[in-house]
Amino acid sequence: MKRQPLCKINLFIAFLFLQGTITAQSFDSVLSKLDTQYPQEKLYVQFDKNFYSPGETIWFKAYLFSAQTPSLISKTLYAELLDEQGKVLQRRVAPIVLSGAAAAFDLPGSTSSSMVFVRVYTRWMLNFDSSFLFIKAFPIVTAKKETTRPAVTQQSAYLQLFPEGGDLVQGVESRVAFKATDQRGLPVRVAGDVVDSKGKKIVSFSSVHDGMGFFRLQPEGTEQYRATWKDPAGAAKETSLPVAKLKGLVMEVNNVGKKVQFSIKRPDKMERSYERVHIVAQMHQQLLYRAKANLASTAITSGAIPVEGLPTGIVQITVFSEEEKPLAERIVLVNQQEHYFITDLNAPLKKLEKRQKNVIQIDVPDTIVCNLSVAVTDADIHSVQRGEDDIFSHILLTSDIKGYVHQPGYYFSGEADSITAHLDLVMMTNGWRRFKWEEVLAGRFPTIHEQPDGYLGLQGKVSGLNKALLAQKELTGILQTKNGGKQFLTIPLETDGSFYVPDVIFFDTARIFYQFNNDKDKVLSSRASFDFRNSFLNQPVRLQPDRELISRVSRFDSANSSKNRMIAQKLLENEKKVQTLATVEVTAQQKSKKEKLEAEYTSGLFTGDGMTFVTEDDPFAGSSLNVFTYLQSKVAGLQITTGAGTPTLSWRGGTPQLFLDQMQMDASSLQGIPMSDVALVKVFRPPFFGGFGGGSGGAIAVYTKKGGAGNQNVKGLDAATVHGYSEMKEFYSPDYLRPDPLQNADDYRTTLYWNPFVYTDKDHRRIILSFYNNDITKKIRVVVEGCNTEGKLTRIEKVFE
């Protein structure tokens with residue numbers, strides 16, 4: 001389960017006024033154990049919009065990371081739609097491919113909730129702090145005008161104070177950061193004074209960004225200091241500072257250029273236990289820096305942590321006593337501007353008149369595989385929100401700290417010194433709590449009660465037979481999916497009757513036909529009871545969402561609110577006319593034979609772009625020995641060698657994956673399928689992400705004719721139904737060049753295009769996508785987000801008008 005190591009990191013061991021040798025090997029071993037046995041995952045989810053109306057679909061794409069790289073830990077994703085009370089309304093389970101997964105929730109037209117939540121997680125994430133699960137609140141816009149919220153009568157503003165490093169120490173100057181917020185946790189401007197117990201002014205302070213700032217204070221003795229300030233309404237307020245400790249250390253950290261500079265100060269009188277300290281810096285549970293300082297003969301010591309070459313992320317710096325007790329701590333975000341790659345976005349064809357065709361072009365510089373998602377929405381309705389959370393701010397900042405960060409996207413919007421200074425205020429007023437040093441140094445590691453999910457597995461138990469009868473027994477199984485695909489399974493049994501078959505990918509439901517292997521007259525099969533089920537988590541997470549998420553949702557301005565309510569009303573009126581492809585049977589225009597067969601046979605990730613060959617009307621199909629001789633010379637770059645023995649295949653240096661009715665198959669088995677049983681063949685250029693192993697050589701999917709000899713019901717075998725991954729919903733984008741009675745209805749789509757599966761590689765670095773405008777949109781907002789296989793992120797947003 002070990003992650004990839006941090007790129008370009010060399011452990012830096014420093015000696016600050018050092019006497020003796022470093023013996024703090026426990027830091028190394030603890031972090032190594034955390035890294036190898038307890039790596040943590042984090043999620044970012046891109047949605048098509050930040051609000052919805054009843055009857056609309058919530059489209060989303062999740063990106064899974066561990067530290068700074070795409071996660072290889074989990075292969076299955078869980079997503080839940082919750083109402084305002086936290087009740088789970090819908091649940092989706094999706095396979096994670098190239099560290100990404102996509103799904104959708106359909107909001108009923110009868111939805112009365114004013115807010116819903118979407119929670120996304122992996123099973124492995126449930127072993128750790130639940131506050132790090134991804135959750136987001138969405139307002140539901142209805143045709144009814146929003147009623148005025150009652151006035152808030154409670155205290156309107158709060159001031160929190162954070163001594164740098166953790167504590168105030170008597171006689172030692174400290175920086176004290178502060179953060180002022182209203183009752184919703186949103187920032188407010190603040191200014192005031194720090195006074196002593198007699199009311200004497202010691203220092204003034206005022207916020208410099210989003211209610212945050214800092215001041216310097218040297219506390220004397222046991223003096224009780226107070227911050228006196230006024231809230232936005234002008235009411236006088238007081239907030240007490242923490243009482244300064246008699247003994248302790250003060251840390252000051254400054255993020256300067258290629259180094260993180262720190263100083264450690266002690267009072268003039270110090271206990272011997274504080275004379276020698278360890279300074280430890282870690283990033284993503286990997287040791288970056290370790291030093292041991294001697295404060296016996298000096299009241300202050302300083303050093304610098306080299307950060308050149310580090311990936312962008314949060315560094316935790318902790319000062320320990322010789323007994324390994326944490327004395328002071330600070331976090332800092334290192335940003336060497338190497339966390340992203342630039343994506344170009346243009347519109348070669350832009351026609352924003354009613355129902356006109358538009359084309360967007362995406363270009364990436366990377367030759368390695370990139371995993372992207374694209375959302376196109378009405379910019380007048382889904383307007384740009386300043387500093388909204390995005391893939392940069394979430395993966396690099398908010399997913400690693402506790403507490404609310406206002407407009408986090410701002411901190412990655414540029415390289416100005418002011419942004420760096422403002423970001424450091426966030427670091428001074430928030431804590432990093434992926435783990436606690438006190439606990440892990442004492443040997444108290446997280447309790448692992450959930451193992452990482454692989455891909456969908458088939459599991460269960462045979463009961464009713466004793467161990468002697470079950471010894472060395474196997475089941476013979478035939479897994480048949482809804483599209484007619486079949487996979488033959490040999491299922492070994494454990495002595496207690498349990499079994500598990502890994503990596504069985506199918507969507508919706510499948511039937512498993514079964515009996516004991518070599519069970520003449522079904523003697524054992526008739527005596528036993530069989531339980532078949534999938535390997536997913538059976539129950540949703542039982543956690544209530546944070547109610548404060550609702551109060552922090554951005555409100556619309558009056559123009560947006562009016563237009564959104566109008567759209568909601570139109571959607572309500574046209575609910576039976578304008579529906580998505582998943583619920584509409586399009587009968588207006590006769591589809592081509594290829595389109596009909598695609599719709600009938602393909603599903604899930606196999607519905608993506610590929611080269612489809614229909615065999616029925618192809619004279620070469622009837623004269624071909626098998627699918628391999630049929631495909632020879634039909635696909636540029638695909639090399640197929642046939643002859644005696646098993647055919648060999650090669651495409652761009654890789655070997656294509658082979659599928660029969662969407663079940664992975666080897667070449668020798670596929671070679672035996674006669675072309676007379678084949679309905680269509682679909683070839684996917686590299687990379688293909690519908691199977692295992694990354695699909696670097698592309699894929700060939702062969703579909704046998706339904707109703708043929710290979711697809712009759714299995715007679716004489718018992719069967720059970722097993723649920724697979726949630727059925728993948730296809731985004732419906734109308735083609736206004738083709739007549740269709742459904743298109744007579746008004747088109748008020750607010751999401752004009754959504755594509756969660758946009759992949760590029762060294763041979764396909766330019767992507768062309770097309771869509772049609774609706775009836776009312778005058779300007780469109782296009783957002784492209786994603787990552788590459790090295791973990792570098794990308795995001796580009798443009799408004800075309």
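Scoring rules and cut-offs
Residues numbered from 1 in each chain as written. Predicted model: local features only at pLDDT ≥ 70, side-chain atom pairs only at ≥ 80, totals over all residues. Heavy atoms only, no water. Helix = DSSP H or I, 4+ residues; strand = E, 2+ residues; numbered from the N terminus. Contact = heavy atoms within 4.5 Å. Areas by Shrake-Rupley, 256 points an atom, 1.4 Å probe, with all protein chains shown as cover. Pairing = 2+ DSSP bridges. Axes fitted to C-alpha atoms, helices over the stretch in contact; angles between N-to-C directions. Core = buried A, V, L, I, M, F, W, Y, C linked by side-chain atoms within 4.5 Å. Buried < 20%, exposed > 50% of the residue type's maximum accessible area, 1.4 Å probe, protein only. Salt bridge = Lys/Arg side-chain N within 4 Å of Asp/Glu carboxyl O. Phe/Tyr/Trp six-rings, centres within 6.5 Å; stacked < 30°, edge-to-face > 60°. Disulfide = S-S within 2.5 Å. Polar contact = N/O pair within 3.5 Å; in protein donor to acceptor, adjacent residues only side chain to side chain. pLDDT = per-residue confidence, 0-100. Expected span 1.5 Å × (residues − 1). Arc of directions from axis to C-beta.

**Observations regarding the overall build of the chain**
When you go through the chain residue by residue, the secondary structure sums to twelve helices and 44 strands. Partitioning the intrachain contacts of the chain with sequence separation of at least 6 by distance along the chain shows that 72% fall at a separation of at least 24. Of the roughly 35,500 Å² of accessible surface on the chain, a fraction of 48% belongs to carbon and sulfur atoms.

**Points about unusual backbone geometry**
The phi dihedral of S99 falls on the positive side, at around 60°, and the residue is not glycine. With respect to the helices and strands, the residue S99 is situated in the loop between β6 (88-95) and β7 (100-106).

**With respect to the sheet that holds strand β29 (residues 486-492)**
Read from one edge of the open sheet, four strands run β29-β28-β31-β40, paired in antiparallel fashion. The two strands at the open ends of the sheet, each matched to only one other strand, are β29 and β40 (718-723). When strand polarity is set aside, the average angle formed by the axes of neighbouring strands in this sheet is 30°. One ladder, built from seven bridges, connects strand β28 (residues 474-481) with β29; its direction is antiparallel. Across the sheet, residue Q480 finds its bridge partner in β29, namely K486.

**Some details on the nonpolar core**
By size, the foremost hydrophobic cluster in this structure holds 63 residues, and its most contacted members are F47, I58, V120, V462, L475, F516 and F532. Other than its neighbours up to four places away in sequence, L475 contacts V462, L489, T490, I491, L493, F499, Q515, F516, N517, F530 and F532. Core analysis: the second largest hydrophobic core is formed by 27 residues, M270, I279, Y289 and A291 among them.

**Some remarks on the pattern of salt bridges**
Counted under the stated rule, the structure contains 37 salt bridges. The salt bridge partner of R216 is E173, with a shortest N-O separation of 3.5 Å. In this pair, R216 is assigned in strand β14 (residues 212-217) and E173 in the loop between β10 (157-163) and β11 (174-182), connecting sequence segments 43 residues apart. With a relative accessible area of 35%, R216 lands in the partly exposed category. E173 sits in the partly exposed class, given a relative accessible area of 34%.

**Focus: the packing of aromatic side chains**
Applying the stated criterion across every chain yields a total of 33 aromatic pairs. Taking the centre distance of 5.8 Å and the plane angle of 90° together, the rings of F27 and W437 count as edge-to-face. Of this pair, F27 sits in helix α1 (residues 25-37) while W437 sits in helix α4 (residues 437-441), and the two are 410 residues apart along the sequence. Each member of the pair, F27 together with W437, is buried.

**With respect to the state of the cysteines**
Enumeration over the complete set of coordinates arrives at zero disulfides. Looking at the unpaired C370, the closest cysteine sulfur is the one in C787, lying at 8.2 Å. Of the residues examined, C787 reaches a relative accessible area of 2% and is grouped as buried.

**Quick word on the side chain of T751**
By the secondary structure assignment, T751 is in strand β41 (residues 751-760). For T751, a relative accessible area of 8% corresponds to the buried category. Polar contacts involving the side chain of T751 include one to the side chain of D48, which spans 2.6 Å. Among all residues touching T751, those that are not within four sequence positions of it are D48, K49, V376, T377 and F731.

**Points about the confidence of the model for the chain**
Looking at the chain as a whole, its pLDDT mean stands at 86, while 88% of the residues score no less than 70. When the criterion is pLDDT under 50, residues 17-24 qualifies, and its contacts beyond four places in sequence or with other chains add up to 14 contacts. Below pLDDT 50 for its whole length, residues 708-712 participates in ten contacts with residues either more than four positions away or in separate chains.

**What about the sheet that holds strand β9 (residues 134-139)?**
Picture the strands of a sheet paired through backbone hydrogen bonds; they go either parallel or antiparallel. Taken in spatial order, the four strands of this open sheet run β6-β5-β8-β9, and their pairing is antiparallel. Strands at the two margins of the open sheet, each flanked by one partner only, are β6 and β9. Neighbouring strand axes in the sheet, compared pairwise and without regard to direction, differ in orientation by 15° on average. Bridging between strand β5 (residues 76-82) and strand β8 (residues 115-121) involves five bridges; their strand directions are antiparallel. By the bridge assignment for β8, L82 is matched with F117.

**Looking at the environment of Y772**
Position of Y772 among the secondary structure elements: in strand β42 (residues 766-772). A sequence separation of 417 residues divides Y772 from R355, and the C-alpha atoms of the two residues are 5.5 Å apart. Of note is the side chain of Y772, whose polar atom sits 3.1 Å from the side chain of D735.

**Some points on the pairing of β5**
Most of β5 is tucked away, with seven of its seven residues classed as buried. Burial of the side chains of β5 extends over both faces: T76, Y78, E80 and L82 are buried on one face and L77, A79 and L81 on the other. Examined bridge by bridge, β5 and β6 share seven bridges and lie antiparallel to one another. If you follow L82 over to β6, its bridge partner there is V88. What sits between the antiparallel neighbours β5 and β6 is a turn of five residues, in which G86 has the positive phi angle 90°.

**Considerations on helix α3 (residues 417-428)**
The end-to-end C-alpha distance of α3 is 17 Å, a good match for the 16 Å that twelve residues give at a rise of 1.5 Å each. Among the residues making up α3, those that are buried are I419, H422, L423, D424, L425, V426, M427 and M428.

**Considering the environment of A227**
Here A227 shows up in strand β15 (residues 226-230). For A227, a relative accessible area of 0% puts it in the buried group. Along the primary structure A227 and L161 are separated by 66 residues, whereas in three dimensions their C-alpha atoms are 9.1 Å apart. What A227 contacts, discounting residues up to four positions off in sequence, is L159, L161, D193, V194, F205, K237, E238, T239 and L241.

**Quick word on the side chain of D618**
Tracing the sequence through the fold places D618 in the loop between β33 (611-614) and α10 (619-623). On the basis of relative accessibility, which here comes to 16%, the residue D618 falls in the buried class. Polar contacts involving the side chain of D618 include one to the side chain of Y630, which spans 2.7 Å.

**Structural notes on helix α9 (residues 593-601)**
For α9, the full list of buried residues reads L597, E598 and Y601. Seen along its axis, α9 keeps its buried residues to an arc of 105°; they face one direction. Summarising the contacts, the buried residues of α9 are in contact with β33, β38 (678-684) and β39 (699-704).

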